[in-house]
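Fold and geometry: a report
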Number of protein chains: 2
Amino acid sequence: MPIAINPQRLLKDLHDLRAIGASGNGVIRPAFSDTDIEARQWLAGRMRDAGLDPAFDPAGNLFGLPPEPGKCLLMGSHSDTQPEGGWLDGAYGVIAALEVSRASREAGGPPVAVVSFQDEEGRFGVLTGSRIWAGVLPLAEADALVDTSGVTFVEARRRMEPMVTGDFLPADRFSGFVEAHIEQGPVLDQQGESIGVVDAIVGIRTERFRFTGAQNHAGTTPMAMRRDAFQGLAAFVNDLNARLTGIVTPTTVWTIGHVRLHPNAPSVIPGDVEFTVQWRDGSEARLEAMTQTIRDCAAETAAARGLGLERSDFSALAPTAMDGGLMSNLSGAADRLAPGKWRRMPSGALHDAANLARLMPTAMLFVPSIGGISHDFAEDTAEEHLVLGVQVLAASLEA
Amino acid sequence: MPIAINPQRLLKDLHDLRAIGASGNGVIRPAFSDTDIEARQWLAGRMRDAGLDPAFDPAGNLFGLPPEPGKCLLMGSHSDTQPEGGWLDGAYGVIAALEVSRASREAGGPPVAVVSFQDEEGRFGVLTGSRIWAGVLPLAEADALVDTSGVTFVEARRRMEPMVTGDFLPADRFSGFVEAHIEQGPVLDQQGESIGVVDAIVGIRTERFRFTGAQNHAGTTPMAMRRDAFQGLAAFVNDLNARLTGIVTPTTVWTIGHVRLHPNAPSVIPGDVEFTVQWRDGSEARLEAMTQTIRDCAAETAAARGLGLERSDFSALAPTAMDGGLMSNLSGAADRLAPGKWRRMPSGALHDAANLARLMPTAMLFVPSIGGISHDFAEDTAEEHLVLGVQVLAASLEA
């Protein structure tokens, strides 16, 4: 039962979807915008053409259901974009699912349902549609969420009300979920590889720290009498890097992306610095060990330099392991179609799959991002990789 | 010829001047404001009471001239304040000069002229009045300077036009200049000392640096593939501190007070960081050696981490040595009146004395700042130190 996908049909659908909200090489199609709703209506039409029944739920999630009774595999991703997004982020996984579903039907393979979740990009938070569908976020609670321009979720979803076909689909309609996605990072591209089989979606921990010293005149305060908060931060960063090397793996990451000095003037010793540390890993135990190291390091730096230390806004998102059986199907297909050109790897970014994994066996497949670029109009992937990814998805059905 | 100053008269004048523009414990009397002009008119009256002829020049500088012919010593500072200033910054040196001039006249000592320079605090730049008077800044050029609210210097000084008594006084009217000032730093206060005899006003060099790396997703970019501009800065700071220890003295200072990350978001690897390094020392050779070290260190950090490096806005203000003879007179007086409680020290802040030193022998005397606080409503000095400083000034005339 070989399932032959149709590359021309796949690429045409991708480009037709890209045209809805196109802006240069990129796309502007944020959740519940005119272009997002237009794209979902177009997608519902393509589902019908593929023999699937479109179903819009109250959160704006769009499912395409095979007519066959009983459980089936669900594939998909999201078709909303960042306010200024790339053309493949989300869209690739939705159209890939559509093509696999069509090709499987044509080949007499297993029925495959298709989904485009709503607001993955977080106009109202993060992964809003799949969080609601998975029962992580109650709809009533979601309704009160407000976007940056003051619009509530309930106001936004009312725009799609005429399209809603029924209540939320029950999760037990599906036997598992597979999400294809662009990597959004540089690993496959830089290594010259074509396919990534995701083994875990990393957990993310974030904490804000503040060193408080003494704000003073940069001319009249000798070095030995200073309590310079920024010097404290610089020492902390170097000490932390050295300590973490004993704990981490090559896929662990930690980032200080946000720093605020006060008063931030060249002639004033900074008496106050706030900074945010974020760390990600696929292992909860490693995340916890890093947490201790980061906090110890900050406390010791502050104590050694006479600085005050405050911690706030700690958040912890647990890692999500992918399903062994689905991973094995994907790995087998990748090994047949791209021998020596694929790898297992964590997903450093969050995806709807993290919510689906609470309910059913779940897996993810990555294709390369050229230059690792995403969330940018310049986001792109070679056509051969777009096609190969869908071929691997289809081949994994054969197992 | 002992010259006995009158502490009550000194303190009363200081408090009377403080009342003009008073705000809590501080003073709001920026250059050419209503309160600044009122203070200068009050000061002209006190000069007349002391037997001095007030003279306003076109830049708003106010001199009090003794009636005696021939050269005389000039003492003073400035009576304008920061937008939210302390009560002693500048005012102390002006009233100290007035008291010394009065006391010397009463004791039959040498005539002493008094000055309050205009806009020392830099509404229109920095040390504006003394720069114009010393010929460093041509009046026509100054006239085009604009304050933060869009007012030009020529518009501002027109407010004082009715008071102007004549052209700029010739520098050769004076045999030397002595400026008393609060330290504005913590050294004397923390060491339990009463008097500082300034040996040099430090030179100040400032340069802005920029590291450019690659802005990337903090989840999907492995550590080994990052070009994180902020990590570059942290490494630079620590490396620079280590290298400078071989060059500096205990009074040398260097500061990174201004840092700007882009995009400055917790989930984004900072691809761009701008920061300003400022370094001060009394020796031009040491400033130059530091310049080389700072630039080398930045270039090596950038090269080692694959970062771009830009340098801009370099500025260099040369150090100003104080006059040996005047310093010796002040040191002798300090040693008699405060044995074991005084020190020679550099001024880490700029003062009008730096401009006067181009034209005549110049010296400065510091009294302690409680807690090192200045440019703040909380700025203060113990009364015994306010009095002692003026006693040292007066005693130095006896040499």
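Basis of the calculations
- Residues numbered from 1 in each chain as written.
- Chains lettered and ligands numbered in written order.
- Predicted model: local features only at pLDDT ≥ 70, side-chain atom pairs only at ≥ 80, totals over all residues.
- Heavy atoms only, no water.
- Helix = DSSP H or I, 4+ residues; strand = E, 2+ residues; numbered from the N terminus.
- Rg over C-alpha atoms; globule rule 2.2 N^0.38 Å.
- Contact = heavy atoms within 4.5 Å.
- Areas by Shrake-Rupley, 256 points an atom, 1.4 Å probe, with all protein chains shown as cover.
- Lys, Arg positive; Asp, Glu negative; His and termini not counted.
- Charge placed at Lys NZ, Arg CZ, Asp CG, Glu CD.
- Buried area = accessible area lost by both parts, 1.4 Å probe.
- Salt bridge = Lys/Arg side-chain N within 4 Å of Asp/Glu carboxyl O.
- Polar contact = N/O pair within 3.5 Å; in protein donor to acceptor, adjacent residues only side chain to side chain.
- Phe/Tyr/Trp six-rings, centres within 6.5 Å; stacked < 30°, edge-to-face > 60°.
- Buried < 20%, exposed > 50% of the residue type's maximum accessible area, 1.4 Å probe, protein only.
- UniProt positions renumbered as here; feature names shortened; annotations may be inferred.
- Axes fitted to C-alpha atoms, helices over the stretch in contact; angles between N-to-C directions.
- Parallel < 35°, antiparallel > 145°, perpendicular 65-115°, else oblique.
- Left-handed = near helix turned anticlockwise from the far one by under 90°.
- Nonpolar A, V, L, I, M, F, W, Y, C, P; charged D, E, K, R; others polar.
- Least-squares fit on C-alpha atoms with pLDDT ≥ 70 in both.
- Pairing = 2+ DSSP bridges.

Topic: the overall build of chain A
When its secondary structure is counted, chain A shows 12 helices and 17 strands. The C-alpha atoms of chain A give a radius of gyration of 24 Å, which matches the 21 Å a tight globule of 399 residues would have. Projected onto its principal axes, the C-alpha coordinates of chain A cover approximately 80 × 50 × 40 Å. Considering only contacts in chain A between residues 6 or more positions apart, those separated by 24 or more positions represent 78%. Total accessible area on chain A stands at roughly 14200 Å², and carbon and sulfur atoms take up 51% of it. The positive charge centre, built from 33 side chains, and the negative charge centre, built from 50, are 3 Å apart in chain A.

A few points about the interface of chain A and chain B
Counting residues at the interface gives 46 residues for chain A and 46 residues for chain B. Here chain A packs against chain B, burying approximately 3900 Å² in sum over the two surfaces, 58% of which is carbon and sulfur. Joining chain A to chain B, the criterion identifies 0 salt bridges. In this assembly, chain A and chain B are joined by 16 residue pairs in polar contact (both at pLDDT 80 or more). Listing elements by their share of the side of chain A that touches chain B, those giving two or more residues are α7 (187-191), α8 (229-244), β11 (253-262), β12 (268-269) and β13 (272-281) of chain A.

Regarding the packing of aromatic side chains
Each aromatic ring pair is specified by the distance between its two centres and by the angle formed by the two planes. This structure, assessed with the given rule, holds 30 aromatic pairs over all chains. Ring geometry for Phe63 of chain A against Phe117 of chain A: centres 5.9 Å apart, planes inclined by 85°, an arrangement best described as edge-to-face. In this pair, Phe63 of chain A is assigned in strand β4 (residues 62-65) and Phe117 of chain A in strand β6 (residues 112-117), connecting sequence segments 54 residues apart. For Phe63 of chain A, a relative accessible area of 0% gives the class buried. For the pair Phe117 of chain B and Phe177 of chain B, a centre-to-centre distance of 6.2 Å together with 75° between the ring planes defines the contact as edge-to-face. In this pair, Phe117 of chain B sits in strand β6 (residues 112-117) while Phe177 of chain B sits in strand β7 (residues 174-182), placing the two residues 60 residues apart along the sequence.

Let's talk about the UniProt feature "domain: Peptidase M20 dimerisation" (unreviewed entry) in chain A
Taking the UniProt record as the reference, the feature "domain: Peptidase M20 dimerisation" (unreviewed entry) is found at residues 203-302 of chain A. As annotated, residues 203-302 of chain A has a helix share of 35% and a strand share of 34%, and its two end C-alpha atoms lie 28 Å apart.

Some remarks on the packing of helix α1 (residues 7-19) of chain B against helix α2 (residues 34-49) of chain B
All names here are of chain B. Remark: α1 packs on α2, axes separated minimally by 11 Å, with the N-to-C direction vectors making an angle of 155°. The pairing of α1 with α2 is recorded here as roughly antiparallel in orientation. Relative to α2, the crossing made by α1 is right-handed. Together, Arg9, Asp13, Asp16 and Leu17 of α1 and Ala39, Trp42 and Arg46 of α2 make up the contact between the two elements. Looking at the contact of α1 with α2 residue by residue, the class counts come to 3 nonpolar, no polar and 4 charged.

Describing the relation of the copies chain A and chain B
Rotating chain A by 180° about the axis while translating it 0.0 Å along that axis superimposes it on chain B, leaving an RMSD of 0.1 Å. Those values place the two copies in the arrangement expected of a two-fold rotation axis. Residue Ala234 of chain A of chain A places its C-alpha closer to the rotation axis than any other residue of that unit, at 2.3 Å. Take the interface residues of chain A: 100% of them recur as interface residues in chain B, which is what a same-surface contact looks like.

Quick word on the sheet that holds strand β11 (residues 253-262) of chain B
All names here are of chain B. The 4 strands lie next to each other as β11-β13-β9-β14, forming an open sheet whose pairing is antiparallel. Each end of this open sheet is capped by a strand with a single partner; those strands are β11 and β14 (308-317). Between one strand axis and the next, the sheet turns through 15° on average, direction left out of account. Strands β9 (203-212), β11, β13 (272-281) and β14 of the sheet are contacted by helix α9 (residues 284-305), whose axis makes an angle of about 5° with β9.

Focus on the UniProt feature "binding site: Zn(2+) 2" (unreviewed entry) in chain A
Residues and elements named next belong to chain A. In the numbering used here, UniProt assigns the "binding site: Zn(2+) 2" (unreviewed entry) feature to Asp89, Glu121 and His375. Across 287 residues in sequence, these annotated residues keep their C-alpha atoms within 9.8 Å of one another, forming a single compact spot. Within the secondary structure, Asp89 sits in the loop between β5 (72-78) and α3 (91-107). Reaching out from Asp89, the side chain makes a polar contact with the side chain of Gln184 at a distance of 3.2 Å. With respect to the element layout, Glu121 can be found in the loop between β6 and α4 (128-133). On the basis of relative accessible area, Glu121 is assigned to the buried category, the value being 15%. What Glu121 contacts, discounting residues up to four positions off in sequence, is His78, Asp80, Thr81, Gln82, Asp89 and His375. Among the polar contacts made by the side chain of Glu121, one reaches the side chain of Gln82 at a distance of 2.8 Å.

Focus on the side chain of Thr362 of chain A
Residues and elements named next belong to chain A. One can find Thr362 in strand β17 (residues 362-367). Among the polar contacts listed, one links the side chain of Thr362 to the backbone nitrogen of Ala357, at a separation of 3.4 Å. Non-local contacts of Thr362, meaning those with residues more than four positions away in its chain, are made with Phe177, Met322, Asp323, Leu326, Ala353, Leu356 and Ala357.

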